[in-house]
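So you can see what is in the structure, the chains are spelled out below.
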Amino acid sequence: MKFTKLAITAALSVASVVAVAEMQKEVFSGKVQQSGYFVEKIEQCGVGVEKSTQDFILFDGEKNRLTGWSHATNVEGLSLDAEEYSSEVVAASTCNAVPVYQNILVKKYANWDAQHVNGIEPQFASDNIKLSQIESIVLEFKVSSNKSSIPTKMDVSKLYSAFLNEDQLTELDNNKINFGITIFEAGFNDQSTASFNANIFLELDQTQYFDQWVKVTIPADSLNFYTEQNWGATTINAEDFADTTILGLRINPETQAGKVVRHSTNDTFATNTPPEAFKEMNVAFKKVAFVLK
């Protein structure tokens, strides 16, 4: 009887240790599907993070292949000093102090010149990643309300109702957190020839997701596939480009569908130029990766 009690006590102790260990792990909850991608909240962010051998990592705190650009020094009217719009790797106080890639990403509302004031664009051609190998794109990040500025529908209407009709105002922006995610091949910056691209627009309601770590999973077959030439897009069949080598991944700040006022008013833009406004989103990425098949 004594040995039995000891055995039971030992078993309970082991079970308690296992239970505590499992409680001290990063977990995902509240999974929802939106327009071709999935969003989950990250609880206990950065604790006991599990690695996957299927991940092709662009950033995870240990590896950093992210690069980008910024036009902020040449743009007037931003809410902060230009240096605030440069990327930096910092320890996240709300994610167990793991390193994150932080940037305030900015999209213009009026003019398409430098409409993405800054953005993220790592390139990795030497890794020879084919389109057919990509199962999904995974982004883990937090958009902080601090240093973010997303104009309301009323703000946008006051600025642009003299330039756009009601339908155009509605199409301009839904006044949410938006990012454009694009994969592309070599030659993307030569608009004289057609090059492969695939993209999707993400949208998060800031009333639910501001200051919340989230995981977004984008299945590859949910992307919109096209070739681009002279800034025009031609829809393509992804299967015809299965062996295409992917050069890079782009993360742009966006309006809901990537449009600006000038897309609707180009004929009169030079003589009746609308005021400029900006959507600024303070985002920190803890993981950017492809899941490979």
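The preceding data block contains the structure.
Quantities reported herein were computed from a predicted structural model and do not represent experimental measurements. (Residues numbered from 1 in each chain as written. Predicted model: local features only at pLDDT ≥ 70, side-chain atom pairs only at ≥ 80, totals over all residues. Heavy atoms only, no water.)

Participant: Help me understand the overall build of the chain in this model?
Facilitator: When helices and strands are counted, the chain shows 5 helices and 15 strands. Considering only C-alpha atoms, the chain reaches an extent of 95 × 45 × 35 Å along its principal axes. Buried residues in the chain amount to 46% of all 293 residues. Put simply, 78% of the contacts in the chain that link residues at least 6 apart link residues at least 24 apart. Accessible surface computed for the chain: about 14900 Å², of which carbon and sulfur atoms make up 49%. Of the charged side chains in the chain, 24 are positive and 37 negative, and the gap between their average positions amounts to 8 Å. (Helix = DSSP H or I, 4+ residues; strand = E, 2+ residues; numbered from the N terminus. Buried < 20%, exposed > 50% of the residue type's maximum accessible area, 1.4 Å probe, protein only. Contact = heavy atoms within 4.5 Å. Areas by Shrake-Rupley, 256 points an atom, 1.4 Å probe, with all protein chains shown as cover. Lys, Arg positive; Asp, Glu negative; His and termini not counted. Charge placed at Lys NZ, Arg CZ, Asp CG, Glu CD.)

Participant: Please clarify how the state of the cysteines should be interpreted in this entry.
Facilitator: A covalent bond between the sulfur atoms of two cysteines is what we call a disulfide. For the coordinates displayed, the defined rule picks out 1 disulfide. Each sulfur in the disulfide pair Cys45 and Cys95 lies 2.0 Å from the other. Its S-S torsion of approximately -70° makes the covalent link between Cys45 and Cys95 left-handed. Placement of the pair is Cys45 in the loop between strand S2 (37–43) and strand S3 (55–59) and Cys95 in the loop between strand S5 (88–91) and strand S6 (99–108), with a sequence separation of 50 residues. Across this residue pair, the class does not change: Cys45 and Cys95 are buried. (Disulfide = S-S within 2.5 Å.)

Participant: What am I meant to see in the nonpolar core here?
Facilitator: The biggest cluster of nonpolar side chains holds 44 residues, and the ones touching the most others in it are Phe141, Phe179, Ile181, Ile183 and Phe290. If you tally residues by element for this core, the top one is strand S15 (residues 278–292), at 6 residues. The next biggest cluster of nonpolar side chains, apart from the first, holds 9 residues, and it includes Ala110, Tyr160, Leu164 and Leu172. (Core = buried A, V, L, I, M, F, W, Y, C linked by side-chain atoms within 4.5 Å.)

Participant: Please clarify how the pairing of strand S11 (residues 214–219) should be interpreted in this entry.
Facilitator: Looking along a regular strand, one sees side chains alternate from face to face of the sheet. When you tally the buried positions in S11, you get 6 out of 6 residues, the bulk of the element. Residues Val214, Val216 and Ile218 of S11 are buried on one face, and the alternating residues Lys215, Thr217 and Pro219, pointing to the opposite face, are buried as well. As judged from the 4 bridges shared by S2 and S11, these two strands associate in the antiparallel manner. Following the sheet pairing, Val39 is matched in S11 by Val216. (Pairing = 2+ DSSP bridges.)

Participant: Before we go on, may I ask you to explain helix H5 (residues 262–269) in this structure?
Facilitator: Residues that lie three or four places apart on an α-helix share one face, since the helix turns once every 3.6 residues. Burial in H5 covers these residues: Arg262, Thr265 and Phe269. In a view along the axis of H5, the buried residues occupy a sector of 90°, so they form one face of it. (Arc of directions from axis to C-beta.)

Participant: I would appreciate a short explanation of unusual backbone geometry in the present structure.
Facilitator: Where the residue is not glycine, phi is negative for most of them; where a peptide bond is considered, it is trans in most cases. Residues other than glycine seldom take positive phi values, yet Asn96 does so here, at roughly 55°. Tracing the chain through its elements places Asn96 in the loop between S5 and S6. Look at Asp211: it is not a glycine, yet its phi comes out positive at around 65°. By secondary structure assignment, the location of Asp211 is in the loop between helix H4 (206–209) and S11.

Participant: Mind showing me how you'd approach the packing of aromatic side chains here?
Facilitator: Aromatic ring pairs are defined here through the distance separating the ring centres and the angle between the ring planes. Across all of its chains, the model carries 9 aromatic pairs by this definition. On the basis of an interplanar angle of 70° and a centroid distance of 5.6 Å, the ring pair of Phe124 and Phe290 is categorised as edge-to-face. Separated by 166 residues along the polypeptide, Phe124 in the loop between strand S7 (118–120) and strand S8 (134–149) and Phe290 in strand S15 bring together distant segments of the chain. Taking relative accessible area as the criterion, Phe124 reaches 1% and is therefore assigned buried. Its relative accessible area of 0% is what places Phe290 among the buried residues. Ring centres of Phe184 and Phe188 lie 4.4 Å apart, and the angle between their planes is 50°; this geometry places the pair in the tilted category. Exposure class is identical for Phe184 and Phe188. Each is buried. (Phe/Tyr/Trp six-rings, centres within 6.5 Å; stacked < 30°, edge-to-face > 60°.)

In short, shape yes, function no, at least from these values alone.
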